[in-house]
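Listed below are the residues making up each chain.
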Amino acid sequence: MTHHTFVVCISNASYDASLEVRKLYELLADDEAAKTDQVRIIDESGEDYLYPKSLFAPVELPSQTELLVLRAA
């Protein structure tokens, strides 16, 4: 199984239409974004965008929970 990385939104300051506080988002790999303290996620528009890393906190899901979350998506 491929490992997926998840973050939870802890602030949607300046992005209230695009991000939901306390919502789980899957982090998409983007090495260039990481160099500038940004993360790439699929937001509420359904498209992937860059956001400040400070708006999110990392989340470690148990593997069974990760499977269920991925199936639900």
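Going by the structure above, here's the rest.
Reference entry: report on the structure contained in this document. The residue numbers shown here count from 1 along each chain, following its written sequence. Local features in this predicted model are restricted to residues of pLDDT 70 or higher, and side-chain atom pairs are both shown and tallied only at a pLDDT of 80 or more, whereas totals for entire chains, interfaces and linings draw on every residue. Only hydrogens and water are set aside; all other atoms, that is, all heavy atoms of the structure, feed into the side-chain values.

Some details on the pattern of salt bridges
Short version of the rule: Here a salt bridge means any side-chain nitrogen of Lys or Arg lying within 4 Å of a carboxyl oxygen belonging to Asp or Glu. Secondary structure elements are defined from DSSP: runs of H or I of at least 4 residues count as helices, runs of E of at least 2 residues count as strands, and each element is numbered from the N terminus. Buried residues are those whose accessible area, probed at 1.4 Å on protein chains only, stays under 20% of the maximum for their type, while exposed residues exceed 50% and partly exposed ones sit between those limits.
A full pass over the atoms with the stated rule returns four salt bridges. The shortest N-O distance in the salt bridge between Glu44 and Lys23 comes to 2.9 Å. With Glu44 in the loop between strand 3 (38-42) and strand 4 (48-52) and Lys23 in the loop between strand 1 (5-9) and strand 2 (24-28), this residue pair connects regions lying 21 residues apart in the sequence. Of the residues examined, Lys23 reaches a relative accessible area of 31% and is grouped as partly exposed. When salt bridges that share partners are traced, they join Asp30, Arg40 and Asp48 into one network.

Here's the deal with unusual backbone geometry
Non-glycine residue Arg22 carries a positive phi angle of around 75 degrees. Tracing the sequence through the fold places Arg22 in the loop between strand 1 and strand 2. Despite not being glycine, Asp37 has its phi angle at roughly 55 degrees, a positive value. Along the chain, Asp37 turns up in the loop between helix 1 (31-35) and strand 3.

Side note on the environment of Asn12
Formally: Note on contacts: a residue pair qualifies if any of its non-hydrogen atoms lie within 4.5 Å across the two residues. N or O atoms closer than or at 3.5 Å make up a polar contact, with two conditions inside protein: a donor-capable atom paired with an acceptor-capable one, and, for residues adjacent in sequence, both atoms drawn from side chains.
Position of Asn12 among the secondary structure elements: in the loop between strand 1 and strand 2. For Asn12 and Gln38, which are 26 residues apart along the polypeptide, the C-alpha to C-alpha distance reads 14 Å. Excluding residues within four positions of it along the chain, Asn12 makes contact with Leu19 and Val21. In terms of polar contacts, Asn12 uses its side chain to reach the backbone carbonyl oxygen of Leu19, at 3.1 Å.

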